[in-house]
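Letter by letter, the chains look like this.
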Amino acid sequence: MKRQLFVMLLLLVPLVNYAQTDTAKLNMPLKKGKINYEETVTVSSKSSEIAARNKAIQWLVKQFPNNKVALLKKRTGAISGEGTFKVNVNPSGNYFWLKFKVDIAVADGAYTLNVYDFYEKPIEKGVSNEYSKIGYRWWDYSQGHPWSAEDKPLFIGLDKNSRALLASFKKAIDQ
């Protein structure tokens with residue numbers, strides 16, 4: 001009887017261990033080891049560079065109305081701004097605000113959107129409500145060492161929202 005109980009316990013150990021380290025692989029695009037989403041859209045119409053930049057600025061301001069400033073970098077001609085989105089991580093109401101940088105380059109009939117430099121801000125009881133870089137958290141998660149059970153939904157939400165942002169950009173530019 002003791003032996004059967006021991007064998008049953010040994011069979012359960014791998015299940016318990018797996019449940020604690022469920023870090024299913026997510027296809028997060030990385031650039032120099034950091035989360036970075038990029039989309040290049042080539043357009044066939046030959047609009048002026050000023051009109052093209054204005055279209056990109058309008059998209060940026062429409063996507064992030066609370067961030068009405070879209071800066072034009074004089075040296076490179078790139079459009080730069082910040083974006084945020086909310087990621088719900090569990091039914092109890094905990095969520096994260098994700099803040100990130102957005103750059104748009106316009107050149108030779110092509111627009112390149114770059115979304116990078118992500119920061120996360122947890123909104124839950126007992127946790128500091130300050131923004132912090134998400135890179136260390138992602139690295140630990142991708143290596144099988146999540147910080148909490150909320151990591152998986154956090155990164156799924158980051159990926160889903162970022163890819164939706166890229167699709168929105170492509171759709172706006174293609175019109």
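To start, this report covers the structure provided alongside it. (Residues numbered from 1 in each chain as written. Predicted model: local features only at pLDDT ≥ 70, side-chain atom pairs only at ≥ 80, totals over all residues. Heavy atoms only, no water.)

Some words on the overall build of the chain
The helix and strand inventory of the chain stands at 4 helices and 7 strands. Counting from the amino terminus, the chain carries its helices and strands in the arrangement α-β-β-α-β-β-β-β-β-α-α. Counting only residues that meet the buried cut, the chain has 33% of its 175 residues in that class. Here the analysis covers contacts within the chain between residues at least 6 apart in sequence; of these, 55% occur between residues at least 24 apart. Accessible surface, the chain: about 11,500 Å² in total, of which carbon and sulfur atoms supply 58%. (Helix = DSSP H or I, 4+ residues; strand = E, 2+ residues; numbered from the N terminus. Buried < 20%, exposed > 50% of the residue type's maximum accessible area, 1.4 Å probe, protein only. Contact = heavy atoms within 4.5 Å. Areas by Shrake-Rupley, 256 points an atom, 1.4 Å probe, with all protein chains shown as cover.)

A word on the side chain of D117
Along the chain, D117 turns up in strand 6 (residues 110-123). A distance of 3.5 Å separates a polar atom in the side chain of D117 from a polar atom in the side chain of K101. Of note is the side chain of D117, whose polar atom sits 3.1 Å from the side chain of K133. Those residues within four positions of D117 in sequence are excluded, and the remaining contacts are I35, K99, F100, K101 and K133. (Polar contact = N/O pair within 3.5 Å; in protein donor to acceptor, adjacent residues only side chain to side chain.)

Things to note about the layout of surface pockets
Taken as a whole, the largest pocket spans an internal volume of roughly 370 Å³. Lining the largest pocket are 15 residues, and of these K34, I35, D117, K133 and G135 lie nearest its centre. Residue composition of the lining of the largest pocket, by class: 7 nonpolar, 4 polar and 4 charged. (1 Å grid on protein atoms, 1.4 Å probe; cavity = no way out; pocket = protein on both sides within 12 Å on 5 of 7 lines; lining within 4 Å. Points joined across faces, edges and corners; volume = space filled by probe spheres on them. Nonpolar A, V, L, I, M, F, W, Y, C, P; charged D, E, K, R; others polar.)

Quick look at the pattern of salt bridges
If the charged atoms of two oppositely charged side chains come close together, the side chains can form a pair. The full count for this structure, using the stated rule, is 7 salt bridges. Among the ionic pairs, D117 bridges to K133, the shortest N-O distance being 3.1 Å. Here D117, found in strand 6, pairs with K133, found in strand 7 (residues 132-133); they are 16 residues apart in sequence, far enough to count as distant. Salt-bridge contacts for R137 lead to E120; the nearest nitrogen and oxygen are separated by 3.6 Å. (Salt bridge = Lys/Arg side-chain N within 4 Å of Asp/Glu carboxyl O.)

Here we look at helix 3 (residues 135-142)
Taken together, the buried positions of helix 3 are R137, W138, Y141 and S142. Taken down its axis, helix 3 places every buried residue within 125 degrees of arc, on the same side. The outward face of helix 3, more than 90 degrees from its buried face, is lined by the exposed residues Y136 and W139. Looking at the buried positions of helix 3, the neighbouring elements they touch are strand 1 (30-31), strand 2 (34-42), strand 5 (95-107), strand 6 and helix 4 (151-174). A positive phi of about 90 degrees marks G144, the residue just after helix 3. (Arc of directions from axis to C-beta.)

Topic: the nonpolar core
A general tendency of soluble globular proteins is for nonpolar side chains to be buried together. Among the nonpolar cores identified, the biggest contains 34 residues, and I35, I104 and F118 are the most heavily contacted of them. Of all the secondary-structure elements, those providing two or more residues to this core are strand 2, helix 2 (49-63), strand 4 (79-88), strand 5, strand 6, helix 3 and helix 4. Looking at this core, the element that brings in the most residues is helix 4, giving 7 residues. Once residues lying within four places of it in the same chain are set aside, the contact partners of I35 are M28, P29, L30, V115, Y116, D117, F118, I134, W138, F155 and L158. (Core = buried A, V, L, I, M, F, W, Y, C linked by side-chain atoms within 4.5 Å.)

These figures capture arrangement, not role.
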